[in-house]
Every structure is written in structure tokens, then in C-alpha cells.
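Residues per chain are reported as follows:
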Amino acid sequence: MTAELRRKIVDECRRWGIEMVGFASADAWDDPPFEPWPPERFRPKAIFPGCRTVIVLGLPVTLPILETSPSIWYQELYKNLNAQLDERAYQLSELLNRLGHASVYVPRDGYGSVEVLVENPYAFFSHRHAAYLAGLGTFGLNNMLLTREFGPRVRFVSVFTTAEIPSGKPMDGSLCVRCKKCIKACPVEAIGDIDYPQASIDKRKCSGRSIELKKGHRSPCGICIKVCPVGEDRKLFRRKDMGLYDGPDKDPELFEAWEHVRKYGST
Ligand code: B12
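Residues numbered from 1 in each chain as written. Predicted model: local features only at pLDDT ≥ 70, side-chain atom pairs only at ≥ 80, totals over all residues. Heavy atoms only, no water.

Asks: I tried to follow empty space enclosed by the protein on my own but got confused; where do I start?
Replies: Taking a probe equal in size to a water molecule and rolling it over the atoms shows the remaining empty space. According to the stated counting rule, one finds one cavity of 30 Å³ or more in the structure shown. By volume, the largest cavity is sized at about 90 Å³. Along the walls of the largest cavity sit 16 residues, with Cys 176, Cys 179, Cys 182, Cys 228 and Pro 229 positioned nearest its centre. (1 Å grid on protein atoms, 1.4 Å probe; cavity = no way out; pocket = protein on both sides within 12 Å on 5 of 7 lines; lining within 4 Å. Points joined across faces, edges and corners; volume = space filled by probe spheres on them.)

Here is the structure:
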């Protein structure tokens, strides 16, 4: 029955165009795989008592659009993905409710405005940690969850359900190659040069950059996910040569295209 439910959920998500779906047992949060780990109040069973499984959905951030960041194009992609993730997670939770499994969705972000994050840089629940427990990827130096398919270029949303569904387990090893490109490329030097689980992000600096970009209608930043060499998406878009981002010499045509996009629709 529960394996059948799992299949139904995966099939439904495929129908919606969502290929990345993971399942994590709510109990897995109580056995921290590393420290620091989200405190008890931030765990699914505390937020939604009775929760047994967290279903995580992921949608890719299209690399060539991200490459134009900061730009209106990336801002629009970001908003589009956010809307889709929230819509699908809500629909999934309602499908489960109709089937008799009490469920709720958690919005893909969970903050009213980036200004709120300067003083209190936490959401009430972390999707990255859910995706990690579901076995969708591993943490990178940039503090993002890296996946085989898209590296860190994937956004997540979660559904809490009382249904007990066969769950995944964290991936062995690490997908992060420790190239430190994210550290070097960060425009506000917000990423510390230390290894996960101790990845250190200066959230104030990172949020500050978002606030600046938002004023010009070209947030978020996304540079630390653009320059990550991990992900099969690099093959599809022929972006294996990481020298592309160092300057116009490698591919002047592409460089000009990015510059063009950046000149319009935002300041
Ligand atoms: C707040 C936030 C931001 C802030 C602050 C950044 C930051 N580094 O935290 C801003 C706006 C700047 C930001 C920027 C970005 N973000 Co952001 N962000 C979030 C958000 C809403 C909450 C993250 C959070 O609170 N985590 C809380 C804890 C669990 O995470 P943590 O800080 O790593 O916590 C550690 C410790 O602090 C401790 N801990 C956990 N909880 C608590 C609570 C307390 C009180 C304490 C003391 C400790 C503690 O345990 C954790 C162990 O590692 C999530 C969405 C969500 N709800 O999950 C997206 C999210 C993490 N962001 C995402 C992305 C992609 C980005 C950007 C690339 C922007 C972009 N969209 O292009 C940048 C990258 C920044 C970076 N390299 O870190 C994605 C990550 C996807 C992925 N593949 O991993 C998420 C999951 C959004 C989504 N729905 O997909 N983000």
C-alpha cells in the first residue's frame, strides 16, 4: 500500500513535469547525520505533529538563464519556479488529503521579504536538509545542496504527510569537488573557506546583496550556483569549460549575449 502510494505520487509529479522527487522519514531528523543540525523546533514532527514522511520536490534552475544574473531574466525564472513549486506542493498535499492522509505543504521559502532575514536569517523549516535526508544530493562548500543532475541549480519545496512512505537515505560521499569557485566568485565575499558540515555563509552580507539587487529588479544573485562545476546540466548546455566565466576571451559571443540581457528591464 505505501509503496503503491509512493508510485502514485511519483507518477503524479512526472505528469506535472517534476522529475526530482524524494522521500525522507520524519524520524531521520532525530538522528543528526552531522552538526550543526536544525534544532528540534525546526523539525517536521515538531511543526506538524503526526508527520511521518517529508516529500521533497525539485525543479531545475535553467543554467543559460542563470548565467545572465543579475538580470530580469533570472529574476523572472526565479519567480516562475517559486510559483510552480508552491502550486504543485499544495496540489500534492490536497491529493493526499483526499486519499485520507493528513498533509500540508511548506512554501519553498517562508519569509516575507529579504529585509526580515537581516535580523533573523532563518526560515521555520529547511528544504535543503529535507532533500539531503531524502538522498537527492549532498551539501557543498557554497552551503547549497548539490545534485547529480543539476549541481546546486535546483530549487526545492516540501510536503509533510502522516502517510508512512518508503524513504530514501542520504547519499554516500560528497558531490562537491572543493574547487572553491563559489568562494572566489561571490561578489560580497560571503562564503567562508571551510569544509562542510562547517560551511560558513555570512548571511548578513549575502542578504545585503539581495536587498541591493532587489532595488534594481534583478534579484536574487545566484553567482555561487552558476559557477559550480557539478551537474549533468553542464553537458546538455555545453558548459563544461569553467573558464567561460573568467572573462570574454573564451566565448565572446556568449559574453555579449549576457551583457545584452543585463542592459534591459532592470537597473
Ligand atoms: C534564508 C534563505 C536565504 C537567505 C540567507 C542565506 C543563507 N545562507 O542562509 C538569502 C536570501 C541571502 C539566501 C540566498 C540564497 N539562497 Co536561499 N534560502 C533561504 C531559506 C528561505 C531559508 C534557509 C534557512 O533558514 N535555513 C535554516 C537552516 C536550517 O539552514 P542553515 O542556515 O544552513 O542552518 C544550519 C545551522 O544554522 C543550524 N540551524 C538550522 N536551523 C537553525 C535555527 C537556529 C535558530 C539556529 C541557531 C541554528 C540553526 O543547522 C543547520 C545545519 O547546517 C531557504 C528556503 C527554506 N525554507 O529552506 C532558501 C534556500 C536555502 N535558498 C536557496 C538558494 C538557491 C539561494 C541562492 C542561490 C539564491 C538564489 N535563489 O539564486 C542564495 C545562495 C546563498 C548561499 N550560498 O547560502 C535554495 C537552495 C537550493 C539548494 N539546491 O540547496 C533554498 C532551499 C530555496 C529553495 N526553496 O530551493 N537564501
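Resuming the write-up.
Asks: Would you explain the packing of helix α1 (residues 2–15) against helix α4 (residues 72–98) in this entry?
Replies: The packing of two helices is summarised by the inter-axis angle and the distance between the axes. Viewed as axis vectors pointing N to C, α1 and α4 meet at an angle of 145 degrees, and their least axial separation amounts to 11 Å. In terms of crossing hand, the pair formed by α1 and α4 is right-handed. Listed contacts from α4 to Leu 5, Ile 9, Glu 12 and Cys 13 of α1 are Leu 92, Leu 95 and Leu 96. Considering only residue class, the contact of α1 with α4 consists of six nonpolar, no polar and one charged. (Axes fitted to C-alpha atoms, helices over the stretch in contact; angles between N-to-C directions. Helix = DSSP H or I, 4+ residues; strand = E, 2+ residues; numbered from the N terminus. Left-handed = near helix turned anticlockwise from the far one by under 90°. Contact = heavy atoms within 4.5 Å. Nonpolar A, V, L, I, M, F, W, Y, C, P; charged D, E, K, R; others polar.)

Asks: When you look at the side chain of Thr 138 in this model, what are you seeing that I'm missing?
Replies: Within the secondary structure layout, Thr 138 lies in strand β4 (residues 138–139). When its relative accessible area of 4% is taken as the criterion, Thr 138 is described as buried. A polar atom in the side chain of Thr 138 sits 2.9 Å from the backbone nitrogen of Leu 175. When residues no more than four places from it in sequence are discounted, the contact partners of Thr 138 are Tyr 132, Met 144, Leu 145, Leu 146, Met 171, Gly 173, Ser 174, Leu 175 and Cys 176. (Buried < 20%, exposed > 50% of the residue type's maximum accessible area, 1.4 Å probe, protein only. Polar contact = N/O pair within 3.5 Å; in protein donor to acceptor, adjacent residues only side chain to side chain.)

Asks: Please explain the site of the ligand as it appears in this structure.
Replies: Taken together, the neighbourhood of the ligand is formed by 37 residues, with Pro 36, Tyr 74, Arg 108, Phe 156 and Lys 203 sitting nearest. A distance of 3.3 Å is found between an oxygen atom of the ligand and a backbone nitrogen or oxygen belonging to Pro 36. When residues of the shell around the ligand are traced back to their parent elements, those giving at least two are α4, α5 (114–119), α6 (127–133), β6 (154–161), α8 (203–215) and α9 (223–226). Taken together, the residues of the shell around the ligand sort by class into 25 nonpolar, seven polar and five charged. (Near = heavy atom within 4 Å.)

Asks: Where do I start with the nonpolar core in this structure?
Replies: Soluble globular proteins: nonpolar side chains tend toward being buried together. With 49 residues, the main nonpolar core has Ile 9, Cys 13, Val 21, Ile 55, Leu 57 and Leu 92 as its most contacted residues. Ranked by the residues each element gives to this core, the list is headed by α4, at eight residues. Among residues more than four places away in sequence, those in contact with Leu 92 are Ile 9, Cys 13, Trp 16, Ile 55, Leu 57 and Val 159. Grouped together as the second largest cluster of nonpolar side chains are 23 residues, Trp 29, Leu 136, Phe 139 and Val 154 included. (Core = buried A, V, L, I, M, F, W, Y, C linked by side-chain atoms within 4.5 Å.)

Asks: Any chance you could explain the pairing of β6 here in plain terms?
Replies: A regular strand places its side chains on the two faces of the sheet in alternate fashion. Of all the eight residues making up β6, eight are buried; the element is thus mostly covered by neighbouring parts of the structure. Of the two faces of β6, the one carrying Val 154, Phe 156, Ser 158 and Phe 160 and the one carrying Arg 155, Val 157, Val 159 and Thr 161 are both buried. Where strand β2 (residues 53–60) lies against β6, eight bridges are found, and the strand directions are antiparallel. Bridge pairing in β6 links Thr 53 to Thr 161. Where strand β3 (residues 103–106) meets β6, four bridges bridge the pair, whose relative direction is antiparallel. Bridge pairing in β6 places Tyr 105 opposite Val 159. (Pairing = 2+ DSSP bridges.)

Asks: Any chance you could explain the packing of aromatic side chains here in plain terms?
Replies: Where two aromatic rings form a pair, the distance of their centres and the angle of their planes describe that pair. A complete count under the given rule lists 11 aromatic pairs for this structure. With a centroid separation of 6.0 Å and an interplanar angle of 55 degrees, the aromatic rings of Phe 255 and Trp 258 are classed as tilted. Here Phe 255 pairs with Trp 258, and both are found in helix α11 (residues 252–262), just three residues apart, close to one helical turn. The aromatic ring of Trp 258 is capped on one face by Lys 226, whose charged end is 5.9 Å from the ring centroid. (Phe/Tyr/Trp six-rings, centres within 6.5 Å; stacked < 30°, edge-to-face > 60°. Lys NZ or Arg CZ within 6 Å of the ring centre and 35° of its normal.)

Asks: How do you make sense of α11 when you look at a structure like this?
Replies: Residues lying three or four places apart along an α-helix face the same way, a consequence of the helix completing one turn every 3.6 residues. Listed in full, the buried residues belonging to α11 are Leu 254, Trp 258 and Val 261. For α11, the angular spread of the buried residues around the axis is 65 degrees, confining them to a single face. Seen from the buried face of α11, the exposed residues on the opposite side, beyond 90 degrees, are Glu 253 and Glu 256. For α11, the elements touching its buried residues are α4. (Arc of directions from axis to C-beta.)

Asks: Any chance you could explain the pattern of salt bridges here in plain terms?
Replies: Any two side chains of opposite charge can pair if their charged atoms end up close together. Taken as a whole and judged by the stated rule, the model has 19 salt bridges. Across the salt bridge formed by Glu 164 and Arg 52, the nearest N and O atoms sit 3.9 Å from each other. Separated by 112 residues along the polypeptide, Glu 164 in the loop between β6 and α7 (181–185) and Arg 52 in the loop between α2 (44–47) and β2 bring together distant segments of the chain. In this structure, Asp 109 and Arg 155 form a salt bridge, with 3.3 Å as the shortest nitrogen-oxygen distance. Here Asp 109, found in the loop between β3 and α5, pairs with Arg 155, found in strand β6; they are 46 residues apart in sequence, far enough to count as distant. The class for Asp 109 is buried, based on a relative accessible area of 18%. Overall, the relative accessible area of 18% leaves Arg 155 in the buried class. (Salt bridge = Lys/Arg side-chain N within 4 Å of Asp/Glu carboxyl O.)

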